[in-house]
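Coordinates in review
Listed below are the residues making up each chain.
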Amino acid sequence: MSEHLDGVKKIHLMGIGGAGVSGLALLLKGLGFEVSGCDLARTPYLEKLIDIPVKIGHDSSHVLEYSPDLVIYTSAIPESNPELKAAKDDPAIKVARRGDVLSWIFNEKFGIGIAGAHGKTTTSSMIGFVLEKAGYAPSIAVGGEVIDVGANAILGKSGIMVAELDESDGSFENFSSNVAIVTNIDWDHVDRYHTFQDMEEAFVRFADGSKADGSVIICADDAGGSKLIEALKCSDGGRKIITYGWGTNWDWSASDVLFHDGGGVTFSLYNKGGFIGKVKLKVTGEHNVLNSLAACAAVSIVGVVPLDFAEIIRNFSGTKRRFQFIGKKGKLIIYDDYAHHPAEIKATINSARNCFPGQKITVVFQPHRYTRTELLYKEFARALSIADRVFLLPVYSADEPPIAGVSSEIIANALNNDIISNIKIPFLVCSNREELFEELDQILDEGLLFTMGAGDVTEIGMAYINRN
């Protein structure tokens, strides 16, 4: 156990209803700590926290009631929060961020750390799933619920740990991985990374922070990943660089991609140019082919042979909120996806095109954070313009205050601009859920409906199905 946790018996987690914090709570409970928590609202993740007392709302009285030795919080909780201030004002209480505490656990194990702008939840889940099924009993901590596991965290019996790492607050730089993975590098989290170069430099530090005898697995077909490879070659770290991508020229490669109607994909797997065999996935999209290459590279380091990987991964069902089937309303098929960045939106729509050729695709998009919307509104419009119809909901602010002039309207204005799309698509800004439902009732009776975003848009699909 990490020296940082010496003398700690009781731990209180603020924001325990979130994907990352709830998973950490499960790990800490499994390690024998007395765990409590609180969050502003009830979330589905709280249903997994059996025997962990949870308060709804933040209040300084929680510090007195639970008398924790350690309080954990996320970057979404402001320093002015009364409960957090009460903990920091008490000299007997340690206070740490969620990422810091997870790194304390991770750094004591054979750690496989997955970072990147997109795909890290699915890649982490794939690796954890394969290692679990192959008998390696890993600990797993990911930012979404793994469908085949039914949880977002597992405390395994071995010394191996698979963890999805968060670049949004910089905490991923505290993880010293035996196997570090970078799925891609894209500009996001502009409140922390003011330029794309700032983000690139952070990923270099993350890779350089891996263990000296470790490996760094990088998507060589990603522009940011290619630059990272060159930067690492110039460093004195001595770590092994493992590449993956399209074709047959990388350490791990994919070609002959075949999409299946209704979902799923098959491809040819190569290792250093040598054909290994065919890999079949239940999950779909070119991005998931790349994710599976990263997973194959990682588990092969642990000892899983490629053909065993191919046999196991064919049963991987994915994670919730990643191209997740919600249900049907008549002939209308409804899916939900966490896509909240233009690259993710484009990947999801293209995947739907490949799986359901000829079907019309309607997207309900809820922008996440004002800062992201302000920076990327043109890119959002370009990505959304490849759908057949778009509905825009108000910005989900998360913890951010509004920015003057920034709303879903600026995406709508960009969609209306020929510079963004030469092919006009129908779009509408809806001020609330009821207005959206009324519009959907008038125009949709078949095709595909995708809800996209990182906020409460995930609730809309089932609410629309259940609506009279």
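So, a few notes on the structure that sits alongside this text. The residue numbers shown here count from 1 along each chain, following its written sequence. Predicted model: local features are reported for residues with pLDDT of at least 70 only, side-chain atom pairs are reported and counted for 80 or more only, and whole-chain, interface and lining totals are derived from all residues. The side-chain quantities take in all heavy atoms of the structure and omit both hydrogens and water.

1. Observations regarding the overall build of the protein
- In this text, helices come from DSSP runs of H or I with a minimum length of four residues, and strands from runs of E with a minimum of two, each type numbered from the N-terminal end. What the protein contains, in helices and strands, is 14 helices and 21 strands.
- Only the C-alpha atoms count toward the radius of gyration. The rule for a globule is 2.2 Å times the residue count to the power 0.38. Relative to the 2.2 N^0.38 estimate, which gives 23 Å for 468 residues, the radius of gyration of the protein is 22 Å and therefore close to what a compact globule would have.
- Projected onto its principal axes, the C-alpha positions of the protein cover 60 × 60 × 40 Å.
- A total of 468 residues make up the protein; the buried ones form 54% of that total.
- Pairs at least 24 residues apart make up 67% of the contacts formed inside the protein by residues separated by at least 6 positions.
- Here the open area of atoms and residues is found with the Shrake-Rupley method and a 1.4 Å probe, where only the protein chains shown may cover a residue. Summed over its atoms, the accessible surface of the protein is roughly 19300 Å², and 49% of this surface lies on carbon and sulfur atoms.
- Where the 44 positive side-chain charges of the protein centre and where its 60 negative ones centre are 4 Å apart. Buried, partly exposed and exposed residues are distinguished by accessible area as a fraction of the type maximum, computed with a 1.4 Å probe on protein chains only: under 20%, between the cut-offs, and over 50%, respectively. Throughout, a residue-residue contact means that at least one pair of heavy atoms, one from each residue, lies within 4.5 Å. Asp and Glu count as negative and Lys and Arg as positive, but His and the ends of the chain are not part of the count. Where a charge lies is defined by one atom per residue type, namely NZ (Lys), CZ (Arg), CG (Asp) and CD (Glu).

2. With respect to the side chain of Ser103
- Tracing the backbone shows Ser103 in helix 4 (residues 98-106).
- On the basis of relative accessible area, Ser103 is assigned to the buried category, the value being 3%.
- In this structure Ser103 touches Asn174 and Phe175, once residues within four positions along its chain are discounted.

3. Considerations on the nonpolar core
- Residues belong to one nonpolar core when they are buried, are Ala, Val, Leu, Ile, Met, Phe, Trp, Tyr or Cys, and are joined through side-chain atoms within 4.5 Å. Residues Leu13, Leu28 and Leu70 are the most contacted members of the largest nonpolar core, which totals 46 residues.
- Contacts of Leu70, omitting those with residues within four sequence positions, involve Leu5, Val8, Lys10, Ile11, His12, Ile93, Lys94, Val95, Ala96, Val101 and Trp104.
- Within the second largest apolar cluster, 43 residues are counted, among which are Ile140, Ile242, Tyr244 and Val283.

4. Here's the deal with the sheet that holds strand 5 (residues 94-97)
- Strand order in the open sheet made by the five strands is 3-2-1-4-5, with parallel pairing throughout. What marks the edges here is a single partner per strand, and that holds for strand 3 (54-56) and strand 5. Across the sheet, the mean angle from the axis of one strand to that of its neighbour is 20°, orientation sign disregarded.
- By definition, two strands form a pair when at least two bridges between them are found by DSSP. For strand 1 (residues 10-14) and strand 4 (residues 70-73), the ladder comprises three bridges, and the chain directions are parallel. What sits directly across from Ile11, in strand 4, is Leu70. Axes, fitted as lines to C-alpha atoms, cover a helix only where it is in contact. Angles between the N-to-C directions of the axes lie from 0 to 180 degrees.

5. With respect to the packing of helix 1 (residues 19-30) against helix 4
- One can describe the packing of helix 1 onto helix 4 by two numbers: an axis separation of 11 Å at closest approach and a directional angle of 40°. Two packed elements cross with a definite hand, and for helix 1 against helix 4 that hand is left-handed. Here helix 1 contributes Gly20, Val21, Leu24, Leu27 and Leu28 to the contact with helix 4, which in turn contributes Arg98, Val101, Leu102 and Ile105.
- When the residues that make up the contact of helix 1 with helix 4 are grouped by side-chain class, the tally is seven nonpolar, one polar and one charged. Handedness of a helix crossing follows the sense of rotation of the near helix relative to the far helix, less than a right angle counterclockwise being left-handed and clockwise being right-handed. Side-chain classes follow a simple rule in which Ala, Val, Leu, Ile, Met, Phe, Trp, Tyr, Cys and Pro form the nonpolar group, Asp, Glu, Lys and Arg form the charged group, and the remainder, Gly included, forms the polar group.

6. Some details on the environment of Thr373
- Secondary-structure assignment places Thr373 in helix 11 (residues 370-384).
- Assessed through its relative accessible area of 0%, Thr373 is described here as buried.
- Spatially, the C-alpha atoms of Thr373 and Ile411 are 8.1 Å apart, while their sequence positions differ by 38 residues.
- Excluding residues within four positions of it along the chain, Thr373 makes contact with Pro367, Phe380, Val395, Val406, Ser407, Ile410 and Ile411.
- Only 2.8 Å separates the side chain of Thr373 from the backbone oxygen of Arg369, close enough to count as a polar contact. Whenever a nitrogen or oxygen atom comes within 3.5 Å of another N or O atom, the pair is scored as a polar contact, on the condition that within protein one atom can donate a hydrogen and the other can accept it, and that pairs from neighbouring residues in sequence are kept only if both atoms are in side chains.

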